[in-house]
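Now for the letters of each chain:
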2 protein chains.
Amino acid sequence: MKLTEPEWLIMNLLWEKHPANARGIFERLPRRVSWAYTTVKTTLDRLVEKQAVQKKKDGNIGYYEPVLTRKQARSTAIKMLLNHAFDGAFGPMMHFLAEDENLSANQRKELIQILSEKNKSKGEKNGRTNK
Amino acid sequence: MKLTEPEWLIMNLLWEKHPANARGIFERLPRRVSWAYTTVKTTLDRLVEKQAVQKKKDGNIGYYEPVLTRKQARSTAIKMLLNHAFDGAFGPMMHFLAEDENLSANQRKELIQILSEKNKSKGEKNGRTNK
DNA sequence: TGACAACTGCTACATATGTAGTAGAATTCT
DNA sequence: AGAATTCTACTACATATGTAGCAGTTGTCA
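Cut-off values and rules
- Residues numbered from 1 in each chain as written.
- Chains lettered and ligands numbered in written order.
- Predicted model: local features only at pLDDT ≥ 70, side-chain atom pairs only at ≥ 80, totals over all residues.
- Heavy atoms only, no water.
- Contact = heavy atoms within 4.5 Å.
- Buried area = accessible area lost by both parts, 1.4 Å probe.
- Salt bridge = Lys/Arg side-chain N within 4 Å of Asp/Glu carboxyl O.
- Polar contact = N/O pair within 3.5 Å; in protein donor to acceptor, adjacent residues only side chain to side chain.
- Helix = DSSP H or I, 4+ residues; strand = E, 2+ residues; numbered from the N terminus.
- Nonpolar A, V, L, I, M, F, W, Y, C, P; charged D, E, K, R; others polar.
- Near = heavy atom within 4 Å.
- Phe/Tyr/Trp six-rings, centres within 6.5 Å; stacked < 30°, edge-to-face > 60°.
- Lys NZ or Arg CZ within 6 Å of the ring centre and 35° of its normal.
- Expected span 1.5 Å × (residues − 1).
- Buried < 20%, exposed > 50% of the residue type's maximum accessible area, 1.4 Å probe, protein only.

A. Seen up close, the interface of chain A and chain B. Counting residues at the interface gives 46 residues for chain A and 46 residues for chain B. Counting the surface lost from both chain A and chain B, the interface buries some 4800 Å², and carbon and sulfur atoms represent 63% of this. Where chain A packs against chain B, one counts zero salt bridges. Where chain A packs against chain B, one counts six residue pairs in polar contact (both at pLDDT 80 or more). For the side of chain A that touches chain B, the secondary structure elements donating two or more residues are helix H1 (5-16), helix H4 (70-85), helix H5 (90-98) and helix H6 (105-122) of chain A. The dominant element in the side of chain A that touches chain B, judged by the number of residues it contributes, is H6(A), at 13 residues. Taken together, the residues that form the side of chain A that touches chain B break down as 19 nonpolar, 13 polar and 14 charged.

B. View of the protein's contact with DNA strand C. If you check the shell around DNA strand C, you find 19 residues, and the closest are A:Arg23, A:Gly62, B:Thr4, B:Pro6 and B:Thr42. Backbone sugar and phosphate groups make up 65% of those atoms of DNA strand C lying within 4 Å of the protein. Residue B:Thr38 places a side-chain N or O atom 3.2 Å away from a base nitrogen belonging to DNA strand C. In the environment of DNA strand C, a base nitrogen lies 2.5 Å from a nitrogen or oxygen atom belonging to the side chain of B:Thr42. Elements with a minimum of two residues in the surface near DNA strand C: helix H3 (37-49), strand S1 (53-58) and strand S2 (61-66) of chain A together with helix H1 (5-16) and helix H3 (37-49) of chain B. Per-element tally for the surface near DNA strand C: the top contributor is H3(B), with four residues. A class-by-class count of the residues in the surface near DNA strand C yields five nonpolar, seven polar and seven charged.

C. Quick peek at the environment of B:Ala22. Along the polypeptide, B:Ala22 turns up in helix H2 (residues 22-27). Once the C-alpha coordinates of B:Ala22 and B:Tyr37 are considered, the two residues, 15 residues apart in sequence, prove to be 7.9 Å apart.

D. Fine view of unusual backbone geometry. The omega angle of the peptide bond from A:His18 to A:Pro19 is -5 degrees, so this bond is cis rather than trans. Within the secondary structure layout, A:Pro19 lies in the loop between H1 and helix H2 (22-27). Notably, B:Gln51 is not glycine yet its phi reads approximately 55 degrees, a positive angle. Mapped onto the elements, B:Gln51 comes out in the loop between H3 and strand S1 (53-58).

E. Highlighting the packing of aromatic side chains. All names here are of chain A. Across all of its chains, the model carries six aromatic pairs over all chains by this definition. Between the aromatic rings of Trp-8 and Trp-15, the centroid separation amounts to 6.1 Å while the plane-to-plane angle is 65 degrees, which identifies the pairing as edge-to-face. Over the ring of Tyr-37 we find Arg-23, and its NZ or CZ is 4.3 Å from the ring centre.

F. Seen up close, the protein's contact with DNA strand D. Taken together, 19 residues lie near DNA strand D, and A:Thr4, A:Pro6, A:Thr42, B:Arg23 and B:Gly62 sit nearest. Note that a phosphate oxygen of DNA strand D is positioned 2.8 Å from one of the side-chain N or O atoms of A:Thr4. Take B:Gly62: an N or O atom from its main chain is 2.6 Å from a phosphate oxygen of DNA strand D. Among the secondary structure elements, those contributing two or more residues to the surface near DNA strand D are H1 and H3 of chain A together with H3, S1 and strand S2 (61-66) of chain B. Its residues assigned to classes, the surface near DNA strand D comprises five nonpolar, seven polar and seven charged.

G. Main features of H1(B). With 12 residues, H1(B) ought to run about 16 Å at 1.5 Å a step, and its terminal C-alpha atoms sit 17 Å apart, in line with that. In terms of burial, H1(B) is largely enclosed, as nine of its 12 residues are buried. Every buried residue belonging to H1(B) is among B:Glu7, B:Trp8, B:Leu9, B:Ile10, B:Met11, B:Asn12, B:Leu13, B:Leu14 and B:Trp15, and all of these are buried. Contact partners of the buried residues in H1(B): H4 of chain A together with H2, H3, S1, S2 and helix H4 (70-85) of chain B.

H. Region of the structure containing the pattern of salt bridges. All names here are of chain A. Applying the stated criterion across every chain yields a total of four salt bridges over all chains. For Arg-28, the salt bridge goes to Glu-16, with nearest N and O atoms at 3.6 Å. On the criterion of sequence distance, the pair formed by Arg-28 in the loop between H2 and H3 and Glu-16 in helix H1 is long-range, its members being 12 residues apart. When its relative accessible area of 58% is taken as the criterion, Glu-16 is described as exposed.

What follows is the structure, given as structure tokens:
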């Protein structure tokens, strides 16, 4: 499920705290975002349409609940980036990222940690060369 | 500079081999993409408009040359992903990627390699904890 | 119990995207 | 040279996105 910019904004707020109503989300908009209340509504409606969010009613007030998980959304976003910007090749993308100058030495160490552990625990059960 | 899907497609072909004319690009479209010749043209025109590509004339035939580099494009794409999907935090994104179940043991090893070398070579000159 | 405020469903509208068609100029083939 | 082909510039048009307004309904508080 592909999300647009405003949709990510709303979803991020929803994932942080939910269920939530339009007003609540509206109030938690980052300072830099100065939308009309109705813009939040429209975005929420569209998210419901594409079933990323579920809407429930309590009285006549609608409450929203994420259906799409943050993990799923992130995964999809990365896959898309991977596909168009790196021809689907994971290796080169990681390369690119690993070489990013914004990655500090400490972050690299941390990453190495994660990766090594991952390899120890999941072991050899995963041998494919996902291209 | 944000690129759309068709734009990535064209840019990828252009980066691979350039200068190139519309016809040449048209012919190198991946098999799965069955566009009309004019669709390629329109996309190229739009890329010229947004100055990602430069157009030159040789007689009345136009040749296209990328202006935006692949690296710049990738960087921008990653920054955008980073910003909306990971709240701008590099660490968590790398975390997410490192934990991707589609990452094979070998890819992990490869990554560890890259990261270790990077740390050795660039050494401690980079100590910030970005974010 | 009326005046207001807040909600809700719908509509609006400009720009962006995805995809292609057309007409006329230039080139090429026979 | 006339026909067929290829280019180019321009236009078209449906759907998506970004952003918001409006009218009617409901809740709330003096």
